[in-house]
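Here is what each chain is made of, one letter per residue.
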Amino acid sequence: MSDGSSPSLSSFHPGDTSTIIEDFPSKLTRPFLHPTISRLRSFVPQTSNKHIVSVSNHRDTISSPSHLSISRTSSTNNLHSHSEEDINRRTPPREVFRWAVLQDIGQQIYSRKAASVLGSFHGSPTVFSANGLICIGTDRGRVLVFDFKQQLKCICGADDTAEVGGPVTALALSRDHTFIAVGHYHGHIKLFDLSRPQTPARFVTPTSLAAVASGRKEGHIEGSRILSVDFVGARHTAIVSADEVGLAFYHSLGKVMFVEATDTLRVLGKYPESIRDVQGKHDNATKLGKGNLTDHRLRDSRPKRGNTILAMTCLPLGSCAHSTESYNLIALLTPAKLVIVALKPSPRTWFRKHRHDINETVPGSSRFRGCLAWFPSIDIHSTTNDGPSAISQQPKGLGTHPVLAYSWGREIYLLRISETRVQQKVKSSKTPEKFTIVDVGKLEFEEVLRWSTDVDYWAIQWLNVHLLLACTATHFEVWDVRTGTRVEHVPFDVASIFQPESEDHIDYGRLAHCLRVYKGRIFLLGRHELKAGTLLSWADRILSFVESGDFLNAIDSCRLYYLGTAPGNRIGLPDDPVILQTLVGQRMRDLMSASARYAFAEERFTDNTHVTPDGRGIDRTSLFEGLVNVSIDACIVLGDLEFIFEDLFEYYQNAGITPIFLKRLEKYVLDGSIRAIPPRITQRLVAIHADQGDFGEAEQLIWHIDPDCLDVHQAITLCRENHLYDALIYVYTRSLRDFVTPLVDLLNLIRQIQRHRREPKLLGISTKDNLASQMPSTHFSETMVLDAYKVYTYLADTLSGLVYPSQRFMPSEDALLAKRSIYAFLFFGTSHVWPEGNDGKFILTSEEEGGVEPTYPYVRLLLRFDAEAFLHTMDMAFEDDYFNDDSQSVNRLVIIRIFLEILPSSSNLSSSARTMLNIFIARNVPKYPQSIYTYMLPSALHDILVGLATDVDASTREDRQLAAEYLLSVYSPHNNEKAIKLFQEAGFYRILRNWYRQDHKWNYLISTFVEDPDVDAAEIFESLEEVLSTVARASKGVFPEEVLAATMRAIPLLLETGVTETAFLVDKHVSILHRQVLEEITSPYKQFVYLRCLIEPGSVSEEVSWSNPPGIRKLRPSRKLDESSKMLYLQLLCQYDASGVIGCLDNVDDDFFEWTKVVSICEQAGVHEAIVWYLDKHGDTQAAFEKLKAVNTTLALQLGESLLFEHTTLENAMETQNLLSKLNALGDIGLRICSKSSVLDSLASSVVEDSWFSLLGSQIDTAQTVSGFCKYEGRETGVMTLDQEEILNSLRSSVQTTFTSLMALGSSSALSFPRLFKRLVESASSSSSSSRSSYSEFRIILTGMLDSYRGEGDLLLITSRLVERDLFMAVENLARTRSRGSKAQDVVCAHCKKHLQENSSIATERWEGSDWTKSGEGGWVVQRITGLPFHRKCFPLKSNDIG
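Residues numbered from 1 in each chain as written. Predicted model: local features only at pLDDT ≥ 70, side-chain atom pairs only at ≥ 80, totals over all residues. Heavy atoms only, no water.

### Description of the sheet that holds strand β19 (residues 403–408)
Logical step 1: The strand order across the open sheet built from 4 strands is β18-β19-β20-β21, with neighbouring strands paired in antiparallel fashion. Pairing within the sheet leaves two strands with one partner each, and these edge strands are β18 (370–375) and β21 (435–452). Between one strand axis and the next, the sheet turns by 25 degrees as a mean value, whatever way the strands run.
Logical step 2: Across 6 bridges, β18 lies against β19 in antiparallel orientation. Counterpart to L372 in the pairing with β19 is Y406. (Pairing = 2+ DSSP bridges. Helix = DSSP H or I, 4+ residues; strand = E, 2+ residues; numbered from the N terminus. Axes fitted to C-alpha atoms, helices over the stretch in contact; angles between N-to-C directions.)

### A look at the nonpolar core
Logical step 1: Ranked by size, the top nonpolar core spans 252 residues in total, and within it F827 and F870 carry the most contacts.
Logical step 2: A per-element tally of this core places helix α23 (residues 857–877) first, with 12 residues.
Logical step 3: Discounting chain neighbours no more than four positions away, the residues touching F870 are Y792, L795, L826, F827, V859, L862, L863 and F899.
Logical step 4: In terms of nonpolar packing, the next biggest core, distinct from the first, is built from 39 residues, V478, I497, F523 and I571 among them. (Core = buried A, V, L, I, M, F, W, Y, C linked by side-chain atoms within 4.5 Å. Buried < 20%, exposed > 50% of the residue type's maximum accessible area, 1.4 Å probe, protein only. Contact = heavy atoms within 4.5 Å.)

### Overview of a negative patch on the surface
Logical step 1: A cluster of acidic residues, D640, E642, D647 and E650, forms a negative patch at the surface.
Logical step 2: Judged by relative accessible area, which is 53%, E642 ranks as exposed. (Patch = residues over 30% accessible without salt bridge, like charges linked within 9 Å, V, L, I, M, F, W, Y side chains within 5 Å. Areas by Shrake-Rupley, 256 points an atom, 1.4 Å probe, with all protein chains shown as cover. Salt bridge = Lys/Arg side-chain N within 4 Å of Asp/Glu carboxyl O. Lys, Arg positive; Asp, Glu negative; His and termini not counted. Charge placed at Lys NZ, Arg CZ, Asp CG, Glu CD.)

### What about unusual backbone geometry?
Logical step 1: Residue P345 is bonded to the preceding K344 through a cis peptide linkage, with omega at -5 degrees.
Logical step 2: Between W834 and P835 the backbone carries a cis peptide bond, its omega angle lying at -5 degrees.
Logical step 3: Along the chain, P835 turns up in the loop between β29 (833–834) and β30 (841–842).
Logical step 4: At N328, a residue that is not glycine, the phi angle is positive and equals roughly 55 degrees.
Logical step 5: Inspection of the secondary structure puts N328 in the loop between β14 (311–314) and β15 (329–333).
Logical step 6: Using a relative accessible area of 14% as the deciding quantity, one classes N328 as buried.
Logical step 7: Phi angles above zero are rare outside glycine, and H723 is one such case at about 60 degrees.
Logical step 8: Structurally, H723 can be placed in the loop between α17 (712–722) and α18 (725–735).

### Here's the deal with the packing of helix α31 (residues 1017–1034) against helix α32 (residues 1041–1057)
Logical step 1: Where α31 meets α32, the closest approach of the two axes is 11 Å, and the angle between their N-to-C directions is 160 degrees. Here α31 lies roughly antiparallel to α32, going by the angle between them. When the axes of α31 and α32 are compared, the crossing they make is left-handed. Across from A1017, I1020, F1021, L1024, L1028 and V1031 in α31, the residues of α32 making contact are V1043, T1047, L1053, L1054 and T1057. (Parallel < 35°, antiparallel > 145°, perpendicular 65-115°, else oblique. Left-handed = near helix turned anticlockwise from the far one by under 90°.)

### Digging into the packing of aromatic side chains
Logical step 1: Going through the model one piece at a time under the given rule, you end up with 48 aromatic pairs.
Logical step 2: With a centroid separation of 4.9 Å and 20 degrees between ring planes, the pair formed by F600 and F624 is classed as stacked. Here F600 is found in the loop between α11 (577–599) and α12 (621–638), whereas its partner F624 is found in helix α12, with 24 residues between them in sequence. Grouping residues by exposure puts F600 and F624 together as buried.
Logical step 3: Relative to F920, the ring of F899 lies with its centre 5.5 Å away and its plane at 80 degrees, an arrangement referred to as edge-to-face. Note that F899 is positioned in helix α24 (residues 892–905) and F920 in helix α25 (residues 911–924), a separation of 21 residues in sequence.
Logical step 4: Grouping aromatic residues by their ring pairs yields a cluster made of Y823, F827, F870, F878, Y882, F883, F899, F920 and Y928.
Logical step 5: Taking NZ or CZ as reference, K531 lies 4.9 Å from the ring centre of W99, over its face. (Phe/Tyr/Trp six-rings, centres within 6.5 Å; stacked < 30°, edge-to-face > 60°. Lys NZ or Arg CZ within 6 Å of the ring centre and 35° of its normal.)

Here it is, written out as structure tokens:
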């Protein structure tokens, strides 16, 4: 510090404590962090916190918030991070389904050998049904019936006629489990009475198309496989069936006079139009019937038809009668629609829904996957205690509404069916004029839920009223229909059911026949085994853990169910959260008690459940640790910790393993989950760390525990002996409600630090009055600094009504007491006696023994130690509503007056502390006008303003300026001129700008932007643009001289920042200064850049570094430059960018430059191509080419002469390259002139030809001249050097380029190639140089050009042949397609409806201009593009002739 006083913490950096931390890890709770960005600074951190709190600890064991930071977050870890780690370590894979193989049944249906022992082999299983009995159909036409004890009850179709219908493809068991309906592969349907299973009780044979066509019989066509059969209602002889060709029938299998009288009604579908649709089935079925199967699953290799019935089922009778059951509802699902038909009171289709995505992008396999599953009406009270499903709403006391679940591909729908009764008027049959009012039922269908996934569903079954089981190719899924969410997802291999050969050979309906659910049990008929499984409920999972001895996972699973976050289903859990928590909570308590008894039982030493893998014996540490964790987690959820501290702790204490319990409990204390702990356990918890020397951990524990649970004597003794200030403050403030003693201890510590810094000899002083005297001697002062700074955090928390260091809200009564106590003590005018009473002592602040105590000693001490930290704290305290009460003895005004009293009278206060005091007062006076500003004297405010401006510390300039702006918002100095001078010396440019703008002092305003070092480049240009625009509007475009002078003073800085931006700014507003600005620029290149952006603004617009320079969008040259500036730019352009001269001259208007001077400048600079362009532009093309030829000749001689010297220097090489570039530039401008003249019709042909002749002749002469020099130089060796060869190739290339451009124009009457070539040859032969060398050079150039054209011609020829071949192939393919016959839509004529002959062939030929086709000359059947066939005589000539 400059004044030798105690240093502020702004000079104390985190790096200064690195050595201290290494030497005293037990003493330093964390690296020091000072708030270099505080509330008094110009930058306020973006945080929602109101005050400074502790920083996070960088060590694993210490996390006590003690020092200043800008974060209010707790230093502890997140909640229960340890629990997640433990649970992940010990949780086994979750079991969803529990399966059991029905081995007794499997031995009889899968094993041929075992079946041969028991009797004859009845075939391999194909389909089965499981609702009361397990019925399994085989490929030999028999049905084996088992009970649930796996006992074979009977075999249906055991006689010799069993194989008549072929393999069993569909099964249904009646509701009373006495009859079985069997569908077969050939279309036969049998009805068996289980009391007489040898022969069918009823028999439905398939029919033929002829019988159907004659009207004699209805039924399935022979050879069509039966896909589904089902019983209608409770009747035994009423069944429905569906086959693979899309036909569904209702069969009433009655008897009349002991003779079977079957009544068949077609429910859905159309008969096939040809026997070919079902032919070939008998041969396949015969093979299948003999057991020649590669798999016991039946396959259908033919592609699915659009009218195939994917599923069919009747509404079953539920446990509760429902009005819809009287309708005998049948649901049928096809790839295109869902149909629900009622058989009573009369057959009728009640519901039809078409598939919405059938014409969209649906995969082919998904089109033919569909499933159905009814859930009947049930008694609400017969379901689980969680009430009815949300989709089965019914008035209380009645059964649920039936629900149909159906799926198409990847989507599942739920449809609720209900009945409403309406009254209708019906005519009486006897008296038609009378009407009778009757009640008529009406079915209502409501789609209540729908969901979709990314896989196809192959089968669906209801598990209960809430859960739906869905099967995909790879998984079993369980869906909760109340929410439409998937609660289970278990892998499943479809190959265990059947082995698909390919996508086209999969019979998707087979899986639906192999999966059944009955009373919550799942039956699965696999390829090699029959399994039964159940979906585990929450109680099942808990019980499985208990049975395996895993009580920890059982408790934790209960906790998750209690919270409602357990994965999987919720079978058996009530919906009412209160009932659920009561049920699960009691189970959790029982499990905890049982777990404790299990863990500490003697049997654990002998049952080998915890034997270590390395052979050390029994190790139950993980069990004991996990028991504490799961029990605490469970008790926290239950809100009752009695079991933990009374029962469980007793177990650990009796076993002598209390440290395990305490270590696990500690984590919950530190994360705030548990605060109230019995004192006897608290003592043990703190003592275990104290005994181990882990004082940091002990400190954290103390301030995390509820104060009423602490042993105050133990805590205070431990904290004082080991300097644990965080815990000490917590005990005093929360247990004893003493808020002054901690402050006294910290003030004594600060005093010792100040004394040590001034007198190192005081290092060994020992007193009993403070904790500082007990610190170790090494690094005495620096170590105590970290603890001393806790005083500011303590004040910030307490004065804001928060508990230190936990930052929880303090009770209102305690908060009021704390604030009154601290304010009364801290802002007392003299030294205090503490503790109050006879035993108290004066709390002194003087750094010398016996020194004079100043007024307000404690405030002064805190200011001397670190004024910024203290005032930062007070700034936050001022915002507290405590000061809104005018009755408080210490308020904002009192504190401000105390600071004003301290400010001039404290000689040992550092300059930085004075600065912070001035900033604090200046910022808070306008913030609280009613409580502070109203009572402040203007002289005091003026002194504050002067103090802010006269401080010489540059690091705080911006902070002081912001504070001054705060103060000036309510206070106006009486002498503005003096204040302005003061602000200029202080560098308060922002304030000056506001004042100058208000007073219209534009010249001074401009100066502030130049002098202010904080104004960046973009801001300075934008600001000057705004100022100059304002001045221009105010002065009507005439700038005052002082503004121009101020602008010129700013020019050097502007040019240094950006030349281009400066040019735009000057040109837009003060163009009169252009000449002065150019004179100010000393660098010719910067002059060039400056002028270029004005004359050619489009060429530099991308280089502007400024976001929005004025005038950047204009692309026209500036007219505000004088003639000398323009000529200067042209000279600089010739120097720095000679190639851009022509472009510049071409873009400006004709009157922009003085052309005589332009020609002179270009001539002097050697930019001859610009002169050639100028002559041609002004109509003297002949003079232009004469100039071009003359310059070419001169340059060719210079280039040739340069080749006579060895290129040993860089200057020679650069000169040669420069000459070659000039020649190329002249060639380019000549070619440009010739090309332009060739397309102008106004020019005579002789002028055009002369132009080309002059250009080519000049170029050829140049090449010949240079070639002569090359030959001369290389005459001794006869070989040219590499540089010579490159130069000649470049010159020849220029001639060839000219020839190419000439050829591209084509020969015309104005330009004859032969005549031009002849002139060139004659000119070359008459040249003054050697005729032989001239002709040779000309021949080389001409030959190269012709070779290039020959190559291009060959390429064009190849391309043309490729295109011709592709065109031929495309036309040939189109012709072949048009001549190919096409398939007709139908076999009858679209006009006369008569049958077309089978031997007729349909050839098509497209008519020109029409969208339809007709037959060839030899045919007699005509077909349109739409596919409609006609007899030739019936074919309409116009499309509208078709009705």
